[in-house]
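# An overview of the molecular structure
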Amino acid sequence: MPMSSPPLEAFVSALLLQAGYNAALVAIGAGLLGIAAGAGGTFLFLRKRALVSDAIAHATLPGVGIAFLVMVGLGLDGRSLVGLLAGSALSAALGLLCVEWITRRTRLAEDTAIGAVLSVFFGFGIVLLTVIQTLSQGRQAGLEGFLLGSTAGMLYSDAMVIALGGVLAVLALVALRRPMTLVSFDPGFAAALGLNTRRIDLAMMLLVLAVTVTGLKIVGLVLVVALLIIPPVAARLWSERTDHVVLIAGAIGGVSGYAGAAMSAAAPGLPTGPIIVLVAFSLFLLSLAFAPGRGVLAAAIRHRRFQLRLHRRQGLLSLARGEPIFDPLTLKVLRREGLIRPDRVPTEAGRIEAGRALVDERRFEVARRIHRDDPLSHRYDGLTPITAVMTGDEIAEIDRMLAASAMLRRGEGS
Amino acid sequence: MGAEFVQLSLTPILIGVLSAIACALPGNFLILRRQALIGDAISHVVLPGIVVAFLVTGSLASLPMLLGAAGAALVAVVLIETVRRLGRIEPGAAMGVVFTAMFAGGVLLLEQSDTSGVHLDVEHALMGNLESLIWFDATGWGSLLDPAALAGLPPELPRIALVAAVMTMLMLVLWRPLKLSTFDEGFAATLGLPVRLIGLGLVAASAVAAVAAFDAVGSIIVIAMFICPPATARLVTERLERQVAWSTVFAALSAVLGYVLAGYGPQWFGAINAVSAAGMIATVSGVILAIACLFAPHRRRVGQPMA
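The structure presented is a predicted model; accordingly, all values stated were derived computationally and were not measured.

Moving on: empty space enclosed by the protein. All names here are of chain B. Throughout the structure, instances matching the rule amount to one cavity of 30 Å³ or more. Roughly 110 Å³ of internal volume is contained in the largest cavity. Lining the largest cavity are 13 residues; nearest its centre among them are Ser43, His44, Leu126, Ser219 and Ile223. Put simply, the parts of the chain that give the lining of the largest cavity at least two residues each are helix H2 (38-57), helix H5 (122-127) and helix H11 (219-236). Of the residues contributing to the lining of the largest cavity, the split by class is nine nonpolar, four polar and no charged.

All names here are of chain A. Locating Val82 in the fold gives a position in helix H5 (residues 81-105). Val82 sits in the exposed class, given a relative accessible area of 52%. For the pair formed by Val82 and Ala403, sequence separation is 321 residues and the distance between their alpha carbons is 85 Å.

At the interface, 58 residues of chain A touch 60 residues of chain B. Interface area, chain A with chain B, both sides summed: about 4900 Å², of which 73% is carbon and sulfur. Together, Leu51, Arg107 and Asp111 of chain A form the three largest contributors to the area buried by chain A at its contact with chain B, with a combined 15%. For the pair chain A and chain B, the interface holds one salt bridge. One salt bridge connects Glu238 of chain B with Arg107 of chain A, and the closest N-O pair in it is separated by 3.1 Å. Here chain A and chain B share 10 residue pairs in polar contact (both at pLDDT 80 or more) between them. For the side of chain A that touches chain B, the secondary-structure elements that each account for two or more residues are helix H3 (52-58), H5, helix H6 (110-135), helix H7 (145-148), helix H11 (224-236) and helix H13 (272-290) of chain A. Considered class by class, the residues forming the side of chain A that touches chain B number 38 nonpolar, 12 polar and eight charged.

Another aspect to go through is the domain arrangement of chain A. Assigned domains within chain A: domain 1 (8-290) and domain 2 (297-413). Spacing between the C-alpha centres of domain 1 of chain A and domain 2 of chain A amounts to 57 Å.

Another aspect to go through is a nonpolar patch on the surface. A cluster of nonpolar side chains, namely Leu162, Val166, Met169, Leu170, Val173 and Leu174 of chain B, defines an oily patch on the protein surface of about 570 Å² accessible area. Within the secondary structure, Met169 of chain B is located in helix H7 (residues 156-173).

On to the layout of surface pockets, then. To find the voids left in a structure, one rolls a probe of water-molecule size over its atoms. Roughly 1100 Å³ of volume is contained in the largest pocket. Residue lining of the largest pocket: 36 residues in total, with Arg34, Gln35, Ile38, Arg84 and Pro91 of chain B positioned closest to the centre. For the lining of the largest pocket, the secondary-structure elements that each account for two or more residues are H6 of chain A together with H2, helix H3 (62-87), helix H4 (91-112) and helix H10 (195-217) of chain B.

Taken over all residues, the pLDDT of chain B has a mean of 85, while the share at 70 or more is 94%. As scored by the predictor, the complex reaches a pTM of 0.85 and an ipTM of 0.91.

By definition, a disulfide links the sulfur atoms of two cysteines through a covalent bond. Evaluation of the coordinates by the stated rule reveals zero disulfides over all chains. Counting only cysteine sulfurs, Cys293 of chain B is the nearest neighbor of Cys98 of chain A, a cysteine outside any disulfide, at a range of 9.0 Å.

This next bit is on the packing of aromatic side chains. Counting across every chain of the model gives three aromatic pairs over all chains. Taking the centre distance of 5.5 Å and the plane angle of 20 degrees together, the rings of Trp246 of chain B and Phe250 of chain B count as stacked. Taken together, the residues Trp246 of chain B and Phe250 of chain B, both in helix H12 (residues 240-268) and four residues apart, mark about one turn of the helix. You can call Phe250 of chain B buried: its relative accessible area is 12%. If you follow Lys217 of chain A out to its NZ or CZ, it ends over the ring of Phe146 of chain A, 5.2 Å from the centre.

On to the side chain of Ser247 of chain B, then. Assignment of secondary structure puts Ser247 of chain B in helix H12. When neighbours within four sequence positions are excluded, Ser247 of chain B is seen to be in contact with Ala24, Asn28, Pro229, Pro230 and Ala233 of chain B.

On to helix H15 (residues 328-336) of chain A. Residue and element names in this part refer to chain A. All of the buried residues along H15 are Leu329, Thr330, Leu331, Val333 and Leu334. Each element contacted by the buried residues of H15 is listed here: helix H14 (296-321). With a side-chain oxygen lying 3.0 Å from the backbone nitrogen of Leu329, the N-terminal cap of H15 falls on Asp327. One or two residues past the end of H15 sits Gly338, with phi positive at roughly 70 degrees.

Bringing the packing of helix H2 (residues 21-46) of chain A against H11 of chain A into the picture now. A packed helix pair is summarised by two numbers, namely the angle formed by the two axes and the spacing between the axes. Residues and elements named next belong to chain A. Between H2 and H11, the shortest axis-to-axis distance is 7 Å and the interhelical angle comes to 70 degrees. Between H2 and H11, the interaxial angle falls into the category roughly perpendicular. Residues Leu33, Ala37, Gly38, Gly41, Thr42 and Phe45 of H2 form the contact with H11, whose participating residues are Leu227, Leu228, Pro231, Pro232, Val233 and Arg236. Classifying every residue of the contact of H2 with H11 gives eight nonpolar, three polar and one charged.

Across all of its chains, the model carries 20 salt bridges over all chains by this definition. Through salt bridges with shared partners, one network takes in Arg312, Glu337, Glu353 and Arg356 of chain A.

The rules behind these values
- Residues numbered from 1 in each chain as written.
- Chains lettered and ligands numbered in written order.
- Predicted model: local features only at pLDDT ≥ 70, side-chain atom pairs only at ≥ 80, totals over all residues.
- Heavy atoms only, no water.
- 1 Å grid on protein atoms, 1.4 Å probe; cavity = no way out; pocket = protein on both sides within 12 Å on 5 of 7 lines; lining within 4 Å.
- Points joined across faces, edges and corners; volume = space filled by probe spheres on them.
- Helix = DSSP H or I, 4+ residues; strand = E, 2+ residues; numbered from the N terminus.
- Nonpolar A, V, L, I, M, F, W, Y, C, P; charged D, E, K, R; others polar.
- Buried < 20%, exposed > 50% of the residue type's maximum accessible area, 1.4 Å probe, protein only.
- Contact = heavy atoms within 4.5 Å.
- Buried area = accessible area lost by both parts, 1.4 Å probe.
- Salt bridge = Lys/Arg side-chain N within 4 Å of Asp/Glu carboxyl O.
- Polar contact = N/O pair within 3.5 Å; in protein donor to acceptor, adjacent residues only side chain to side chain.
- Domains from an automatic or database assignment.
- Patch = residues over 30% accessible without salt bridge, like charges linked within 9 Å, V, L, I, M, F, W, Y side chains within 5 Å.
- Areas by Shrake-Rupley, 256 points an atom, 1.4 Å probe, with all protein chains shown as cover.
- pLDDT = per-residue confidence, 0-100.
- Disulfide = S-S within 2.5 Å.
- Phe/Tyr/Trp six-rings, centres within 6.5 Å; stacked < 30°, edge-to-face > 60°.
- Lys NZ or Arg CZ within 6 Å of the ring centre and 35° of its normal.
- Axes fitted to C-alpha atoms, helices over the stretch in contact; angles between N-to-C directions.
- Parallel < 35°, antiparallel > 145°, perpendicular 65-115°, else oblique.

This is the structure:
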């Protein structure tokens, strides 16, 4: 990334809030917004409705245009951020209602409703923008800044509005976290507890709407959806617990917003929205690579360990049965543990281990015959020792059967 | 009106209609497969593809642009699938992660590189430049038979016509496997149809349509035309054959009506300047869909109460 041109000091000083009062305010606002978006987006993500936020975001555009026209018509300054945000909130709410109505009342699926609302509202917003362009020739309305976000030359009052919006969204989130966790995790259980799931769903959507509208000026309506989707997806890789995922997503969103805004303050040529999104995406890539459990690296390590255990077991069984081993990996595993000598002859320890493996395998054979329809027999993967699956009594019983059949075989032989 | 209409409005209308149809045809199957938002994702990732193609070749020639856009669409599909598999993430969210990140990368690349001398910016990518695709060499309806004037047609027109024709042909040839695998993938698989390949091919065809239309009309129309006309048609009829036919009708209607309203509508209100044709076409398609949602004969789910 061509980030070398702005000096590093500028970025560091922006990070430490030394790059001017407004830049600091914007960075703090973006950080708060990121926290609210990441944590709030988690509930949306767990409800599998992540892309509804895309429809909400695009549906803000006509509201911005209409608010501008109304304010100019009333003789006010059309660029007042509070007015524009209020207008965008109204049209976003209308878009959300349309998605809900189409999904519930017609045969169209939710993704179709999202796509239709998103494109039509956005298209109508573009029509309004061209109308405004022709009305205010010579005077820049600056509404294009809402498409991709712009913080350069932001007014003090605007920065204040965004910081305040971030604080309010975080507070709402803290207040609503318990019921929203319940509903997004298990709606049926939440309803059984007597919670009004519809109302909580609505609150969740209003929170998302508030975050989207607050984020318009910083991230822009095309990309604000990323702040609601990427942090939860990244956080989900780190934990299997809802409350942890919410916290981690909030942290990832906060760091992205704060660092992204600082970077763009240090290099005014860089648009804020895309940088914030790319910081979030980098954090997602790191999570995908290194998260324990669901991360790619952890999965690769798990796979390798499994492979090695499998080769060890199969190698030991071959030793016990006196079969020759050709697989290089098997030979390597056995040699490294000192179970065979370099000339492939088993050592003393190797013979003992091989004997154990064979006994285990025989016991499992019997166990699977007895418990054919029992879930226990499905635990057989050729690796888990039978002592981990069955009680001592059961194993003793199996051993008796083994001894009996061995005697029988000997009797036949003589 | 004649000569001026042919010169200024005929080609944009034709290009708009053909783009709308080229997108609506695959859109029919996408909405039935619950993949409606693929069009949204593709039209976002086209931007980084075009920017990269411009940075590599240094020109705005059509072929590298198309190749770049198609390459980006391919990268996006592969990335979405990778994220979905590796992270075990639901497809909608995986799509959201990939297309926003790629679009952000495209915007950043565009702002960082020196494109001040050429006509390449984000707003153009979103809104297209349908109004500027005029036919300079036309002098009237007679120019349609004049080879010299025909040679001066904007190159977008034959290109989108070709894509629309290929889309129609592919759909007619592959009708049965497409229909079968869309409605009952399991059954199609037992018949030995390559269902995964058909699914992938549908996404690839959508990408081609999106890229070709994007070149002429911008990404708003692309998303709207993938979804609105087929969704409207779905509410009008129960049969797939009729749905596809209706969707082309609604697509063409949206394009013509939207262009006329954008170009001539403001004059009726005393304004001089036209508004964005792309935005108006999307708006009209939405109005048609809204009417269908309220009144169309098959708007309800089977078994849904009439209340």
